[in-house]
There are 2 protein chains.
Amino acid sequence: MPWILNASGPIFVQLIEHLQNNIVSGKYDPGQKLPSVRDLAFDAGVNPNTMQRALSELESTGLVHSETTSGRFITEDKKMIDELRASLADSLKQEFFINMGKLGFSEKEILQFVNQNSTAK
Amino acid sequence: MPWILNASGPIFVQLIEHLQNNIVSGKYDPGQKLPSVRDLAFDAGVNPNTMQRALSELESTGLVHSETTSGRFITEDKKMIDELRASLADSLKQEFFINMGKLGFSEKEILQFVNQNSTAK
DNA sequence: ATAACTGTATTAAGTGGTTAATACAATTAT
DNA sequence: ATAATTGTATTAACCACTTAATACAGTTAT
């Protein structure tokens, strides 16, 4: 899975989202040690400064924490991770309904549209 | 409805999306004359240059066309408008499923999640 | 006719994100 | 002990987006 997809937002925001997704989806385990800033930056094809920025912002949410010279670690608070996952899902759902509404779809029409598999295949 | 909401992307892109939404949702009628660049810019709280950019990019898609000194008009091609609406809806749906997938939701779980009204109230 | 309005264009300045090239102190590996 | 690795910090440069201040030719309204 490539790190950078949509050129819409700033890269460091996309990095934050990518890291968040990997954590809440279980690709990273609670308490697990993360690769170094430089390695992560290399993987993402991004400048280390940019990755550093994304990580330090993630840190302010408590999702990860850094031991200054030994490395960076995912939080062990599984409840926090699950709550974040639920919160992100709610936001996506809400945003989806809002944007569909802007296209002129009613709530009923949105539900019909989602449950019909026109996209898949 | 305010023009600028998410600070994520460039303003001119958000303006394009806002205009597109107003067209496909029927707030603007096919063939209707648009307010002037300056008026639209004032409504959106944006510099006229930025609105001009959004409009000229919209023009390249054929959705609007400008009569150099008499004004700018929505296309009269209703089929084009409806197809754009369907296309935008498909994109939103697809994007929603992709992003939910990144959170670790299966397709079945996404459908369950959407059809249950946890967000609404 | 004259004033106001139309889309369009140009130049300059400011801002934020990104990259690049380093540097440092502290821990870990050999 | 010595070298490599850790997170962190700093400075400079570049680029896209945005705003600001105009300007122009052609149309419309009065």
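Residues numbered from 1 in each chain as written. Chains lettered and ligands numbered in written order. Predicted model: local features only at pLDDT ≥ 70, side-chain atom pairs only at ≥ 80, totals over all residues. Heavy atoms only, no water.

## Some thoughts on the interface of chain B and chain A
Here is step 1: Of the residues lining the interface, 33 residues belong to chain B; the matching set on chain A comes to 33 residues.
Here is step 2: Interface of chain B and chain A: buried area, both sides summed, is about 2,800 Å²; carbon and sulfur atoms make up 65% of it.
Here is step 3: Of all residues in chain B, Lys 93, Lys 102 and Leu 103 of chain B give up the largest surface area on contact with chain A, accounting jointly for 25% of the area buried on that side.
Here is step 4: For the pair chain B and chain A, the interface holds zero salt bridges. (Contact = heavy atoms within 4.5 Å. Buried area = accessible area lost by both parts, 1.4 Å probe. Salt bridge = Lys/Arg side-chain N within 4 Å of Asp/Glu carboxyl O.)

## A closer look at the relation of the copies chain B and chain A
Here is step 1: With an RMSD of 0.0 Å, the fit of chain B onto chain A corresponds to turning through 180° and sliding 0.0 Å along the axis. Look at the turn and shift together and you get a two-fold axis relating the two. By C-alpha distance to the rotation axis, the residue of chain B lying nearest is Gly 9 of chain B, at 2.5 Å.
Here is step 2: The residues that chain B uses at the interface reappear at the interface of chain A in 100% of cases, marking a shared surface. (Least-squares fit on C-alpha atoms with pLDDT ≥ 70 in both.)

## Structural notes on the nonpolar core
Here is step 1: Core analysis: the biggest nonpolar cluster contains 66 residues, and Met 51, Phe 96 and Met 100 of chain A together with Met 51, Phe 96, Met 100 and Leu 103 of chain B have the highest contact counts within it.
Here is step 2: Ranked by the residues each element gives to this core, the list is headed by helix α4 (residues 78–102) of chain A, at eight residues.
Here is step 3: Once residues lying within four places of it in the same chain are set aside, the contact partners of Phe 96 of chain A are Ile 110 and Val 114 of chain A together with Leu 92, Lys 93 and Phe 96 of chain B. (Core = buried A, V, L, I, M, F, W, Y, C linked by side-chain atoms within 4.5 Å. Buried < 20%, exposed > 50% of the residue type's maximum accessible area, 1.4 Å probe, protein only. Helix = DSSP H or I, 4+ residues; strand = E, 2+ residues; numbered from the N terminus.)

## Some thoughts on the protein's contact with DNA strand C
Here is step 1: In the region of DNA strand C, 20 residues are neighbours, and Ile 11, Thr 50 and Thr 69 of chain A together with Thr 68 and Arg 72 of chain B sit closest.
Here is step 2: In DNA strand C, atoms within 4 Å of the protein come 67% from sugar and phosphate.
Here is step 3: At 3.3 Å, a side-chain N or O of Ser 36 of chain B approaches a phosphate oxygen of DNA strand C.
Here is step 4: Between DNA strand C and the protein, one listed contact pairs a phosphate oxygen with a side-chain N or O atom of Arg 72 of chain B at 2.3 Å.
Here is step 5: Those elements that provide at least two residues to the surface near DNA strand C are α1 (11–24) and α3 (48–60) of chain A together with α2 (37–44), α3 (48–60) and β3 (71–74) of chain B.
Here is step 6: No other element matches the three residues that α3 of chain A contributes to the surface near DNA strand C.
Here is step 7: Residue composition of the surface near DNA strand C, by class: five nonpolar, eleven polar and four charged. (Near = heavy atom within 4 Å. Polar contact = N/O pair within 3.5 Å; in protein donor to acceptor, adjacent residues only side chain to side chain. Nonpolar A, V, L, I, M, F, W, Y, C, P; charged D, E, K, R; others polar.)

## What to know about the protein's contact with DNA strand D
Here is step 1: Every one of the 20 residues lining DNA strand D counts as a neighbour, but Thr 68 and Arg 72 of chain A together with Ile 11, Thr 50 and Thr 69 of chain B are closest to it.
Here is step 2: The contact atoms of DNA strand D, taken as those within 4 Å of the protein, divide so that sugar and phosphate hold 68%.
Here is step 3: The separation between a sugar or linking oxygen of DNA strand D and a polar main-chain atom of Thr 68 of chain A is 2.5 Å.
Here is step 4: Between DNA strand D and Thr 69 of chain B there is a distance of 2.9 Å, counted from a sugar or linking oxygen to a side-chain nitrogen or oxygen.
Here is step 5: The set of elements that each furnish at least two residues to the surface near DNA strand D consists of α2 (37–44), α3 and β3 (71–74) of chain A together with α1 (11–24) and α3 of chain B.
Here is step 6: The greatest single-element share of the surface near DNA strand D, amounting to three residues, is contributed by α3 of chain B.
Here is step 7: Among the residues forming the surface near DNA strand D, the class breakdown is five nonpolar, eleven polar and four charged.

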